[in-house]
Amino acid sequence: MPPKLLTHLILALVAVSGAAAARRHPAPANFTASGNPVYIWPLPKNFTSGTQTLAVDPDLALDPQGAGGGAAAVAEAFERYRHLIFSPWAHAARPASAGYDVARLTVVVASADETLELGVDESYTIYIAAAGGANSIVGGATIEANTIYGAIRGLETFSQLCVFNYDTKNVEVRYAPWYIQDEPRFAFRGLMLDTSRHYLPVDVIKQVIDSMSFSKLNVLHWHIIDEQSFPLEIPSYPNLWKGSYSKSERYTVEDARYIVSYAKKRGIHVMAEIDVPGHAESWGNGYPKLWPSLSYMRKIFPFGLFHLGGDEVYTGCWNLTPHVKQWLDERNMTTKDAYKYFVLKAQEIAIDLNWIPVNWEETFNSFGGSLNPRTVVHNWLGPGVCPKVVAKGLRCIMSNQGVWYLDHLDVPWEQVYTAEPLAGIDDTAQQKLVLGGEVCMWGETADTSDVQQTIWPRAAAAAERMWSQLEAISAQDLETTVLARLHYFRCLLNHRGIAAAPVTNFYARRPPIGPGSCFVQ
Amino acid sequence: MAPALMRLVLALAVVSCCAAGQPGGRVDLWPMPASVTRGARTLYVARDLRLSTAGTGYKDGKAILADAFRRMVAVIQLDHAINGSYHGLPVLAGVNVAVRSPDDELKFGVDESYKLTVPATGNPIYARIEAQTVFGALHALETFSQLCYFDFVLGVTGLHWAPWTIVDKPRFPYRGLLIDTARHYLPVPVIISVIDSMVYSKLNVLHWHIVDEQSFPLEIPSYPKLSNGAYSYSEKYTINDAIHIVQYAEKRGVNVLAEIDVPGHAGSWGVGYPSLWPSATCQQPLDVSNDFTFKVIDGILSDFSKVFKFKFVHLGGDEVDTSCWTTTPRIKSWLVQHGMNESDAYRYFVLKAQKIAISHGYEIINWEETFNNFGDKLDRKTVVHNWLGGGVAEKVVSAGLRCIVSNQDKWYLDHLDATWEGFYMNEPLTNIYNPEQQKLILGGEVCMWGEHIDASDIQQTIWPRAAAAAERLWTPVEKLAKDTTAVTARLAHFRCLLNERGVAAAPLAGYGRTAPSEPGSCVRQ
């Protein structure tokens, strides 16, 4: 059966059964037919469920279909998820007495195009049913997507539907048949890592990328460099590397490429940031130096967006540094003019390199009218900035520090969860200019020992805000349904070896307050 | 400058400042081996470093050595692309491992010694490991991995100061770490990562405090309702999980010591079998008057004996508050009937549990209260596990019993104000001078009690302080630093190594598991 036909058939069935279910159970949309919260994080766009329990074969086989189904990335992702689903219990599994209901997973990918760019189609549908079941014509499990990245999101959802039964020792899908149709609300769902304040080893960045994929975040904003250290190799300027904390706290170009490719396999973009202007010197003769550096980085970071920083620029040094002062005087520029000059110059370079420039909001606040129209403004100072940005026709990413700075330990999960990127933006055309949002893990007090614990579970709260439909998440009760679901997801992260902290501590990354179950802490 | 010459200059620059320090300077190995000599030549580790077992009778039937070698190569390379040119560089082509004993069973006291040599020249150059057992060879591989570093400039793995001759063996046969899965459930992958990290500092016993009053997470086939006392349906270990953990650890030279803490820390047992409680409102200690109590203990230990192959089992016996026995009329009258007061009953319980364990082939470890209260009645093979404070071990060994040191003021990891310096300086043989008595000290153990520990903070609370104790337990006493400032930089380096290997080891500075106070290099925090 051609994939599209399958979808249509299922949609028709779902419409019928959904209507029937609605008559019987006027339950809210985020509950299973049995009235249990749906333990999938983030909440999918549309779904219906049933009351069957299906046993999943530990030797679950991949059945790749469609032009893109045969991609190596799909097979690799399938193996990863098979491992996540079964490996904690594989040694305990025993044959289901009546055989398995789900012995293979069909993954249909319509497009063979593996390009990962902003706005890539991440939608997918999942259908899981018992063969010969009352409502089903097709047994087994099917994920259908337009791109491999949609299929990867679908695999994550599928993995969250699989739970271990300690009595039968089988992995099961409960509340089947399931039909899920899902896609993200925002194209840009970011997490920022800061490797300048503390170096994060490659292995740790990989762990962060893994955990991002579990909550369907899709942009790793890599704040590589800051005043504290310069850990990345730039072959054209090997001296820059000397700014690393130590000989071993560095990333080679190959390390960076590896991180980009590791992320890509999980449908995650890596947005690099070079925060210019950094130092007075790079202002004075920054342009000639910046160009080769950025053109080299262009080869490493294929993502269409590049972050040029531009925040918290303290211009006092320029007037105090004779050669900079002279440079300014010759051009009859104030330091303010110079700030603008360099941000715009850097933007030009980025655009010449076919990058869309992203700049922190100070650039917009200071000279928004002069920014390149392609600029994406990255909000951070406070609320209410994106409405101004989109009103001027520029695009915006929301990271309001009061709610989405993870280094602010006094922001409890509820505040992270309820922060709305579209707040104050009613015009539909303007809403489209908000690409999404990003939670920021600034590294002053975050290193390998505590970074994951500070990121999770709060980043997951933002992830649902950015992925799931506004109406659906607003319909949930925060302190019951959402909390129970977030507890569940945090325990899932722990089960996957991610050091996610307790949910309900007021301060982030605090230890559990006393003995107790993961599901209530 | 010609590229090759440039490379030479860079290589020299690296030598002058890198990992292993100045000539005659720091040897960045943790724990410090018994004997180390080294030269001045830098070698480069071949991209496809080979394992050779030529001339050894050891068959490696369980692939203990081959798998360990593969893991070792992975932690040397991490995820760095080894893409530099080896042209003109002295290359270390492989490691030759000679294991003398064919026996690959991880018995207590197994010979863990090894000799590791890395010659400076040869064609090809091969490092050589000689060990009595494969478990000694595993330690040698860990030591070897710590000699290597990634050369960021050349894009290859380097090894400084060849030729090396390292002769090494542990000072104590028991070097433990306790984890507590009763106060918080620790998912299997978390336990696995703890075992991985123990190997890096040559700890060799994972003491698994499985059960306590708060939860009973392990499935016991003989009494399946015991795990009704788990926190939740999914915060459980199947018996196969336990087998997996034991086998995973053994393959890395780590024994798993299972504990059931009776009769005091056992309230969760009664969730599935309420008759184990004195009463529904007074739930521990376990009912001493009920034969069923000892049947359940027998069932548990019978199941244990099929899973936990270590010679010892830990029966707890600490912090027994007997008031539930005297306030429950049924038990009170049982005591009167048997002419026992409550401390007699405590002794009766512990000794009876010991006999059951012995019948299943175990030797017993008990917490020190059992010794403090009725030491002369304990089975003579009992190992007393110190925790309350210092000065206990000397009493235990002068009574002729064996001892494991875990005095809480220094070696309890949940004491966040216990500093790494205190961990380092805590000497198990304090005040024990008689060599025969010294031998009765099996070693020591750092304890990661779980009241405030879950999957989010366990590694950060364990490391780097557990590593400080690991050197105390491994390294010959004469090579241990008298002043911890002499090892700060080396321990900081080891902590960074743990970080590179993905272990969330906390900064040295400050209390246990403190976040770094400000931006800075790993090696300085």
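Think of each chain on its own: its residues are numbered from 1, step by step along the sequence as written. As they are written, the chains are lettered A onward and the ligands numbered 1 onward, keeping that order. Reporting in this predicted model follows two pLDDT cut-offs: at least 70 for local features of residues, and 80 or more for side-chain atom pairs to be given and counted; totals over whole chains, interfaces and linings ignore these cut-offs and use all residues. Hydrogen atoms and water are omitted, and side-chain values are computed over all heavy atoms in the structure.

Per an unreviewed UniProt entry, chain B goes by Beta-hexosaminidase and derives from Aegilops tauschii subsp. strangulata. Looking at chain B in UniProt, the text filed under Sequence similarities (unreviewed entry) is "Belongs to the glycosyl hydrolase 20 family." UniProt positions are given in the numbering used here, feature names are shortened, and annotations may be inferred rather than shown by experiment. Chain B has a UniProt comment under Catalytic activity (unreviewed entry) that states "Hydrolysis of terminal non-reducing N-acetyl-D-hexosamine residues in N-acetyl-beta-D-hexosaminides."

Labelled according to an unreviewed UniProt entry, chain A appears under the name Beta-hexosaminidase, originating from Aegilops tauschii subsp. strangulata. Quoted verbatim from the Catalytic activity (unreviewed entry) heading of the UniProt record, the comment on chain A is "Hydrolysis of terminal non-reducing N-acetyl-D-hexosamine residues in N-acetyl-beta-D-hexosaminides."

Trainee: Can you tell me about the confidence of the model for chain B, naming the residues and giving the values?
Mentor: All names here are of chain B. Predicted confidence across chain B gives a mean pLDDT of 93, with 95% of residues reaching 70 or more. The pLDDT score gives, residue by residue, the confidence of the prediction method on a 0 to 100 scale. Any two residues whose heavy atoms approach within 4.5 Å at even a single point are treated as in contact. Contacts of residues 1-23 to residues separated by more than four positions or lying in other chains number 38 contacts, the stretch itself having pLDDT below 50. Scored as a complex, the prediction yields pTM 0.92 and ipTM 0.90.

Trainee: Would you mind going over the packing of aromatic side chains in detail, with residue names and values included?
Mentor: Aromatic rings from Phe, Tyr and Trp, with only the six-membered ring used for Trp, were paired whenever their centres fell within 6.5 Å, and each pair was classed as stacked if the ring planes differed by under 30 degrees, edge-to-face if by over 60, and tilted otherwise. Applying the stated criterion across every chain yields a total of 44 aromatic pairs over all chains. Their ring planes at 20° and their centres at 4.3 Å tell us that tyrosine 39 of chain A and tyrosine 488 of chain A sit as a pair that is stacked. One end of the pair, tyrosine 39 of chain A, is in the loop between helix H1 (3-24) and strand E1 (46-48); the other, tyrosine 488 of chain A, is in helix H19 (residues 478-495), with 449 residues separating them in the sequence. Only protein chains enter the area calculation, which uses a 1.4 Å probe; residues under 20% of their type maximum are buried, those over 50% are exposed, and those in between are partly exposed. Since its relative accessible area comes to 24%, tyrosine 488 of chain A is described here as partly exposed. Here tryptophan 208 of chain B and phenylalanine 308 of chain B contribute two aromatic rings whose centre-to-centre distance is 6.0 Å and whose plane-to-plane angle is 80°, an arrangement assigned as edge-to-face. Secondary structure counts use DSSP, requiring at least four H or I residues in a row for a helix and at least two E residues in a row for a strand, with both numbered from the N terminus.

Trainee: Help me get a handle on the interface of chain B and chain A, residues and values and all.
Mentor: If you look at the interface, chain B gives 58 residues, while chain A gives 58 residues. Note on terms: buried area is the combined drop in 1.4 Å-probe accessible area of two parts once they are placed together, counting the loss on both. Contact between chain B and chain A buries roughly 4,300 Å² in total, counting both sides, with carbon and sulfur atoms accounting for 56%. Counted as salt bridges are all cases of a side-chain nitrogen of Lys or Arg within 4 Å of a carboxyl oxygen of Asp or Glu. Where chain B meets chain A, there are four salt bridges. The partner of aspartate 79 of chain B in a salt bridge is lysine 206 of chain A, with the nearest N and O atoms 2.8 Å apart. For the side of chain B that touches chain A, the secondary-structure elements that each account for two or more residues are helix H4 (188-200), helix H5 (239-250) and helix H17 (488-500) of chain B.

Trainee: Account for the sheet that holds strand E3 (residues 102-109) of chain A, with residues named and values stated.
Mentor: Residue and element names in this part refer to chain A. The strand order across the open sheet built from eight strands is E1-E8-E4-E5-E3-E2-E7-E6, with neighbouring strands paired in mixed fashion. Edge positions in the open sheet fall to E1 and strand E6 (162-165), since each of these has one partner strand only. Taking each pair of neighbouring strands and ignoring which way they run, the sheet shows an average axis angle of 30°. Pairing geometry for E6 and strand E7 (residues 170-176), over four bridges, is antiparallel. Bridge assignment links asparagine 165 to a residue of E7, and that residue is asparagine 170. Whether two strands pair comes down to DSSP finding at least two bridges between them. For every element, the axis is a line fit to its C-alpha atoms; helices are fit only across the contacting stretch, and the angle between N-to-C directions ranges from 0 to 180 degrees.

Trainee: Got a sec to walk through the domain arrangement of chain A? Specific residues and values, please.
Mentor: All names here are of chain A. Either an automatic procedure or a domain database provided the assignment from which the domain bounds are taken. Taken domain by domain, chain A consists of domain 1 (46-182) and domain 2 (188-496). One C-alpha centre belongs to domain 1, the other to domain 2, and the line joining them spans 33 Å. At the interface, 20 residues of domain 1 touch 22 residues of domain 2. Summed over both sides, the interface of domain 1 with domain 2 buries roughly 1,900 Å², with 55% coming from carbon and sulfur. Area buried by domain 1 at its contact with domain 2 is led by Leu116, Leu118 and Arg153, which between them contribute 34% of it. Where domain 1 meets domain 2, there are three salt bridges. We note a salt bridge from arginine 496 to glutamate 156, for which the minimum N-O separation is 3.1 Å. Any N or O atom pair separated by 3.5 Å or less is treated as a polar contact, with the protein-specific requirement of one donor-capable and one acceptor-capable atom, and with residues adjacent in sequence counted only for side-chain atom pairs. In this structure, the connection of domain 1 to domain 2 is made through eleven residue pairs in polar contact (both at pLDDT 80 or more). Those elements that place two or more of their residues in the side of domain 1 that touches domain 2 are helix H2 (72-86) and helix H3 (148-161). In terms of residue count, H3 provides more of the side of domain 1 that touches domain 2 than any other element does, seven residues in total. Each residue is assigned to one of three groups, with Ala, Val, Leu, Ile, Met, Phe, Trp, Tyr, Cys and Pro labelled nonpolar, Asp, Glu, Lys and Arg labelled charged, and all others, Gly among them, labelled polar. Classifying every residue of the side of domain 1 that touches domain 2 by side-chain character gives nine nonpolar, three polar and eight charged.

Trainee: An account of the packing of helix H6 (residues 291-307) of chain B against helix H9 (residues 342-359) of chain B is needed here, citing residue identities and associated values.
Mentor: Residue and element names in this part refer to chain B. It is at 9 Å that the axes of H6 and H9 come closest, and there the two elements cross at 35°. In this structure, H6 meets H9 at a crossing whose hand is right-handed. Contacts from Asp291, Thr293, Phe294, Ile297, Asp298 and Leu301 in H6 reach Tyr348, Phe349, Lys352, Ala353, Ile356, Ala357 and Ser359 in H9. Within the contact of H6 with H9, the residues separate by chemical class into eight nonpolar, two polar and three charged. Put simply, a crossing is left-handed when the front helix is turned counterclockwise from the back one by less than a right angle, and right-handed when it is turned clockwise.

Trainee: Talk me through helix H2 (residues 64-77) of chain B; I want residue IDs and the actual numbers.
Mentor: All names here are of chain B. What a helix should span is 1.5 Å times the count of its residues minus one. Under the 1.5 Å per step criterion, the end-to-end length of H2 is 20 Å for 14 residues, consistent within 8% with the ideal 20 Å. The buried count for H2 comes to ten of 14 residues, which makes it a mostly enclosed element. Those residues of H2 that sit buried are Ile64, Leu65, Asp67, Ala68, Phe69, Met72, Val73, Val75, Ile76 and Gln77. In the core, the buried residues of H2 are packed alongside strand E2 (41-52), strand E3 (91-99), helix H3 (134-147), strand E6 (148-151), strand E7 (156-162) and H4. At the exit of H2 stands leucine 78, carrying a positive phi of roughly 50°.

Trainee: Which residues make up the state of the cysteines, and what values do they have?
Mentor: Residues and elements named next belong to chain A. Criterion for a disulfide: a pair of cysteine sulfur atoms within 2.5 Å. This model, assessed by the stated rule, comprises four disulfides over all chains. Between the sulfur atoms of cysteine 386 and its disulfide partner cysteine 396 the distance amounts to 2.0 Å. Where cysteine 386 bonds to cysteine 396 through sulfur, the torsion about that S-S bond is close to -75°, and the disulfide is left-handed. Pair noted here: cysteine 386 is in helix H12 (residues 385-391) and cysteine 396 is in strand E15 (residues 395-398), with a separation of ten residues, a long-range link. Each disulfide pairs two cysteine sulfurs, and for cysteine 491 the partner residue is cysteine 518, the sulfurs being separated by 2.1 Å. Note on the cysteine 491 and cysteine 518 pair: the S-S dihedral is about -120°, so by sign convention the disulfide is left-handed. Here cysteine 491, found in helix H19, pairs with cysteine 518, found in the segment after H19; they are 27 residues apart in sequence, far enough to count as distant. Using a relative accessible area of 7% as the deciding quantity, one classes cysteine 491 as buried. What links to what in chain B: the bonded cysteines, counted in sequence order, pair as 1-2, 3-4. Sequence-ordered numbering of the bonded cysteines in chain A yields a pairing of 1-2, 3-4.

Trainee: Got a sec to walk through the UniProt feature "active site" (unreviewed entry) in chain B? Specific residues and values, please.
Mentor: Residues and elements named next belong to chain B. UniProt feature "active site" (unreviewed entry): in the numbering of this structure it lies at Glu319. Its location among the elements puts glutamate 319 in the loop between strand E12 (312-314) and helix H7 (323-327). Only 2.9 Å separates the side chain of glutamate 319 from the side chain of histidine 265, close enough to count as a polar contact.

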